[in-house]
Amino acid sequence: MSNKMWGGRFATGPDAIMEEINASIGFDQRLFRQDIAGSIAHATMLADTGILTHEDRDAIVAGLNEVLAEIEDGSFTFSRALEDIHMNVESRLREKIGDAAGRLHTARSRNDQVATDFKLYVRDTIDTLVIQVTTLQLALVERAEAEAETIMPGFTHLQSAQPVTFGHHLLAYVEMLARDAGRLLDARKRLNESPLGSAALAGTPYPINRTMTAEKLGFDRPTANSLDAVSDRDFILETLAAASICAMHLSRFAEEMVIWSSAQFGFVRLSDKFTTGSSIMPQKRNPDAAELVRAKIGRILGALTSLLVVMKGLPLAYSKDMQEDKEVAFDALDSLSLSLAAMTGMVGDMTANRERMRASASAGFSTATDIADWLVRELNIPFRDAHHITGQIVALAEGKGCGLEGLTIEDFKTIDERIDSRIHKVLTVEASVAARQSYGGTAPANVLMQAARWKTLLTGQSHEPKPLGKKKHGGHGDGGVE
Ligand code: ARG
C-alpha cells in the first residue's frame, strides 16, 4: 500500500528499509505540542483570511485538542508508516473529524511546518536552560557569600600561585554562566522569526496572513525569504554553540570538584547524594556526577559538529538531510539540562574544609608577591629589583626548611639591610587576600560586594553586601569535615 498522505502517484509502498531510514517519528514525536500549536495557529489564520470556513476551523481546532490530550495521556499510537509527527497528528485528525482535516495543510508544507515546530521547541528549551543557569548561579552566589573569607591556594599552571578566597573562585563561574545565559538569549532573539507560511520553498498563492500566525506563536515577525526560512538551521546551530561553551565551563568546574574532593587535596567533600562507592574498595567515594558532567561536553560539542557537517554544502532549499538535525540536538540539550541540574545539586551539598584549604594556601611561598609589593611600597624599590630580592628571600626560607612567615627579621636583613619588622604583617595569607581590593580582586570585601551585586541582578531584588567577619557554616551536605 502506498503512503496515504502523499502516495497518489506511487504504485507500491516503500521498502521496509526505506521506511526505517525515512521515519523520524521515533524521535520527533517530542515535538507534538509545538506541532499542534502551529496547526491551531495556522487553521485560525486560514479561517480569518477566508481560506477555510469557520465550521472547518472549529472542527480542526477541537480535533487537534483531542489529539493533544491523547498524546499527553499516552493513548495515542504512533505509526512509523506515517513517517513523522506532522503526518501522525494529521492522520489521527482525519480519523476524528473526516474531510475537514484535509484542509489544514492548505498553504503550508511539512518544510515550513518542521522549521516552525523545531524553532518553537528550541525556544522553549532555551527558556528552561536560562532558568537552570540562573538557579546554578544563585547556588554559587550563596556559597560564595558563605566562603567569602575562606582562603585557598590560587593556581596558575595548577601550581600554587597566590592565595585567593574560595568565594572569589566560585564567583568566577557565576561570571562564566552569565555569559552562557547571554549567548543563549542572544540566539533566542535571532531565532524568533516565524517560517510558517513559507510553504514548500516558494511561498503560496493563497492570501495568508503570516504576521497573524507569527504573533499567535509568539514570534516577533515572519521570516522574509521563503527559501531561507525552510532551509535555515542556524537557530539550533547557534544554540548548540552556546550550549557547548556552557558545557565546557561546567566541565572545567567539574574537573575542579574532582581534584578538590580527592584525598590529596581534601578541599571539599561532595555529599553522599552525588558520589558513589566502589564494589571492591570499601573506602572509596567516587565523584561520578562531577566526572559525568566533565564528560558531557563530548556529546554536546559532537552534536554541533555533526549538524554543521550535515548542513555544509546543502543546496537550497529543504533536503531530507535536515531531518538529521533533531536526534543529536535533543540529546545535547537534554545533556546540558541534566549537567546544570547535577552541578546545582553538588554546589548546594558540598562541604568546604576551610582548615585544609588555608593550610594549603600558605604552602609554596604563596605570599612572595606580597613581599615584593611591600618592598616597592614601603622602601620605594623598583618592582624588578624587589622581585629579585624576594627571590633570594624565598631561597633562604627554602634552605632553612621553613615558610616565609618562619623567617626572623635578622634573616630578612641578611638579604637586604633596609627591610624592617613591618614586613611580617604582609606574610600571612589573610593579609595577602585582604589587600587585593582592586576592582575584581579576591579580597573578602570584594567577594561580599560582588555576591550582593549578583543576588540583586539574579533575583531582581536589591541586596546589600553582608558585613565581613560573619562566617556561615560551610555547607549543608552530610558528614561535614569542618
Ligand atoms: N520529518 C521531516 C523532517 O524532520 C519533515 C519535513 C519533511 N519534508 C519533506 N519534504 N519530506 O525534516
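Cut-offs and rules
Residues numbered from 1 in each chain as written. Predicted model: local features only at pLDDT ≥ 70, side-chain atom pairs only at ≥ 80, totals over all residues. Heavy atoms only, no water. Helix = DSSP H or I, 4+ residues; strand = E, 2+ residues; numbered from the N terminus. Rg over C-alpha atoms; globule rule 2.2 N^0.38 Å. Contact = heavy atoms within 4.5 Å. Lys, Arg positive; Asp, Glu negative; His and termini not counted. Charge placed at Lys NZ, Arg CZ, Asp CG, Glu CD. Patch = residues over 30% accessible without salt bridge, like charges linked within 9 Å, V, L, I, M, F, W, Y side chains within 5 Å. Areas by Shrake-Rupley, 256 points an atom, 1.4 Å probe, with all protein chains shown as cover. Salt bridge = Lys/Arg side-chain N within 4 Å of Asp/Glu carboxyl O. Buried < 20%, exposed > 50% of the residue type's maximum accessible area, 1.4 Å probe, protein only. Near = heavy atom within 4 Å. Polar contact = N/O pair within 3.5 Å; in protein donor to acceptor, adjacent residues only side chain to side chain. Nonpolar A, V, L, I, M, F, W, Y, C, P; charged D, E, K, R; others polar. Axes fitted to C-alpha atoms, helices over the stretch in contact; angles between N-to-C directions. Parallel < 35°, antiparallel > 145°, perpendicular 65-115°, else oblique. Left-handed = near helix turned anticlockwise from the far one by under 90°. Pairing = 2+ DSSP bridges. 1 Å grid on protein atoms, 1.4 Å probe; cavity = no way out; pocket = protein on both sides within 12 Å on 5 of 7 lines; lining within 4 Å. Points joined across faces, edges and corners; volume = space filled by probe spheres on them. Phe/Tyr/Trp six-rings, centres within 6.5 Å; stacked < 30°, edge-to-face > 60°. pLDDT = per-residue confidence, 0-100. Expected span 1.5 Å × (residues − 1).

Colleague: Where do I start with the overall build of the protein chain in this structure?
Modeller: Per the secondary structure count, the protein chain includes 18 helices and 6 strands. By the compact-globule yardstick of 23 Å for 482 residues, the protein chain is too spread out, its C-alpha radius of gyration being 31 Å. Reported as C-alpha extents along the three principal axes, the dimensions of the protein chain are approximately 100 × 50 × 40 Å. Residue pairs in contact within the protein chain that sit at least 24 positions apart in sequence constitute 74% of those at least 6 positions apart. Taking the average place of the 52 positive charges on the side chains of the protein chain and the average place of its 64 negative ones, the gap between the two points comes to 3 Å.

Colleague: Which parts of the structure should I look at to understand a nonpolar patch on the surface?
Modeller: Taken together, the side chains of Leu 201, Leu 227 and Leu 316 present a nonpolar region at the surface, about 280 Å² in accessible area. Note that Leu 201 resides in the loop between β3 (193–194) and α8 (210–216). Using a relative accessible area of 39% as the deciding quantity, one classes Leu 201 as partly exposed.

Colleague: Looking at this structure, I do not really get the site of the ligand. What am I missing?
Modeller: The local shell around the ligand consists of Ser 24, Asp 84, His 86, Arg 110, Asn 111, Val 114, Tyr 318, Lys 320, Gln 323 and Lys 326. For the ligand, a nitrogen atom lies 3.0 Å from a polar atom in the side chain of Asp 84. Within the side chain of Gln 323, a nitrogen or oxygen atom sits 2.7 Å from a nitrogen atom of the ligand. Isolated, the ligand exposes 350 Å² of accessible area, and the fraction of that covered by the protein chains is 86%. The leading source of residues in the shell around the ligand is helix α6 (residues 110–146), at 3 residues. Residue composition of the shell around the ligand, by class: 2 nonpolar, 4 polar and 4 charged.

Colleague: So what exactly am I meant to see when it comes to the pattern of salt bridges here?
Modeller: In a structure, side chains of opposite charge can pair up when their charged atoms sit close to one another. Enumeration according to the criterion identifies 38 salt bridges in this entry. For Asp 56, the salt bridge is made with Arg 103, and the minimal N-O distance between the two is 3.3 Å. Of the two residues, Asp 56 is situated in helix α4 (residues 54–73) and Arg 103 in the loop between α5 (85–97) and α6; the sequence distance between them amounts to 47 residues. With its nearest N and O atoms 3.0 Å apart, the salt bridge here joins Glu 378 to Arg 422. Of this pair, Glu 378 sits in helix α14 (residues 368–379) while Arg 422 sits in the loop between α16 (409–415) and α17 (429–435), placing them 44 residues apart in sequence.

Colleague: Explain the environment of Thr 239 to me, please; I cannot follow it from the model alone.
Modeller: By secondary structure assignment, the location of Thr 239 is in helix α10 (residues 234–260). The class for Thr 239 is buried, based on a relative accessible area of 0%. Residues Thr 239 and Tyr 121, 118 residues apart in the sequence, show an inter-C-alpha distance of 12 Å. The residues touching Thr 239, leaving out its near neighbours within four places in the chain, are Val 122, Ile 126, Leu 184, Ala 187 and Leu 333.

Colleague: Explanation requested: the packing of helix α7 (residues 166–191) against α10 in the structure shown.
Modeller: In a packed pair of helices, the relevant descriptors are the angle between the two axes and the axis-to-axis distance. At their nearest, the axes of α7 and α10 sit 8 Å apart, and the two run at 170° to each other. One way to sum up the angle between α7 and α10 is to call them roughly antiparallel. The two elements α7 and α10 meet at a crossing, and its hand is left-handed. Across the interface between the two elements, Phe 166, His 169, Leu 170, Tyr 173, Met 176, Leu 177, Asp 180, Arg 183, Leu 184, Ala 187, Arg 190 and Leu 191 of α7 pack against Phe 235, Glu 238, Thr 239, Ala 242, Ile 245, Cys 246, His 249, Leu 250, Arg 252, Phe 253, Glu 256 and Trp 260 of α10.

Colleague: Would you take a moment to explain the pairing of strand β2 (residues 159–165) for this structure?
Modeller: Remember that side chains alternate between the two faces of the sheet whenever the strand is regular. Bridge count between strand β1 (residues 151–156) and β2: 6 bridges; the pairing is antiparallel. Paired with Thr 156 across the strands is Gln 159, a residue of β2.

Colleague: I would appreciate a short explanation of the packing of α10 against helix α11 (residues 288–311) in the present structure.
Modeller: Direction vectors running N to C along α10 and α11 enclose 160°, while the axes themselves pass 7 Å from each other. In terms of axis orientation, α10 runs roughly antiparallel to α11. The element α10 and its partner α11 pack so that their crossing is left-handed.

Colleague: Sorry if this is basic, but what is going on with the environment of Ser 319 here?
Modeller: Tracing the sequence through the fold places Ser 319 in the loop between α11 and α12 (325–349). With 88 residues separating them along the chain, Ser 319 and Ser 231 place their C-alpha atoms 7.8 Å apart.

Colleague: What is the right way to look at empty space enclosed by the protein in this model?
Modeller: The method is simple in principle: a probe with the dimensions of a water molecule rolls over the atoms, and the space it marks as empty is what remains. Taken as a whole and judged by the stated rule, the model has 2 cavities of 30 Å³ or more. Estimates place the volume of the second largest cavity at around 40 Å³. Lining of the second largest cavity is provided by Ser 362, Phe 365, Ser 366, Thr 367, Leu 404, Glu 405, Leu 427 and Val 429. Partitioned by chemical class, the residues of the lining of the second largest cavity number 4 nonpolar, 3 polar and 1 charged.

Colleague: Can you help me understand the packing of aromatic side chains in this one?
Modeller: In this structure the tally under the stated criterion is 9 aromatic pairs. On the numbers, 5.7 Å between centres and 75° between planes, the contact of Phe 118 with Phe 235 is edge-to-face. A residue pair is termed long-range when its members are at least 10 positions apart, and Phe 118 in helix α6 and Phe 235 in helix α10 qualify at 117 residues. When sorted by exposure, Phe 118 lands in the same class as Phe 235, which is buried.

Colleague: Sorry, what's going on with the confidence of the model for the protein chain here?
Modeller: Detailed conclusions should not be drawn from predicted coordinates in areas where pLDDT is low. A residue-level look at the protein chain finds 97% of positions with pLDDT of 70 or above and a mean pLDDT of 94. Note that residues 475–482 has pLDDT below 50 and, in this model, 24 contacts with residues that lie over four places away or in other chains.

Colleague: It is not clear to me how α14 should be interpreted in this structure. Could you clarify?
Modeller: Note that an α-helix has 3.6 residues per turn; residues three or four places apart therefore point the same way. Counted at 1.5 Å a residue, the expected span for α14 with its 12 residues is 16 Å, and the 16 Å between its end C-alpha atoms agrees. Turning to α14, its buried residues are Ala 368, Asp 370, Ile 371, Ala 372, Trp 374, Leu 375 and Leu 379. The secondary structure elements touched by the buried residues of α14 are α15 (383–400), α16 and α17. Positive backbone phi, approximately 60°, marks Asn 380, located one or two places after α14.

Colleague: Can you walk me through helix α18 (residues 444–459) in this structure?
Modeller: Here α18 is 16 residues long and its end C-alpha atoms lie 22 Å apart, about the 22 Å a rise of 1.5 Å per residue gives. Contact partners of the buried residues in α18: α6, β2, α7 and α17. Backbone geometry just after α18 places Gly 460 at a positive phi near 75°.

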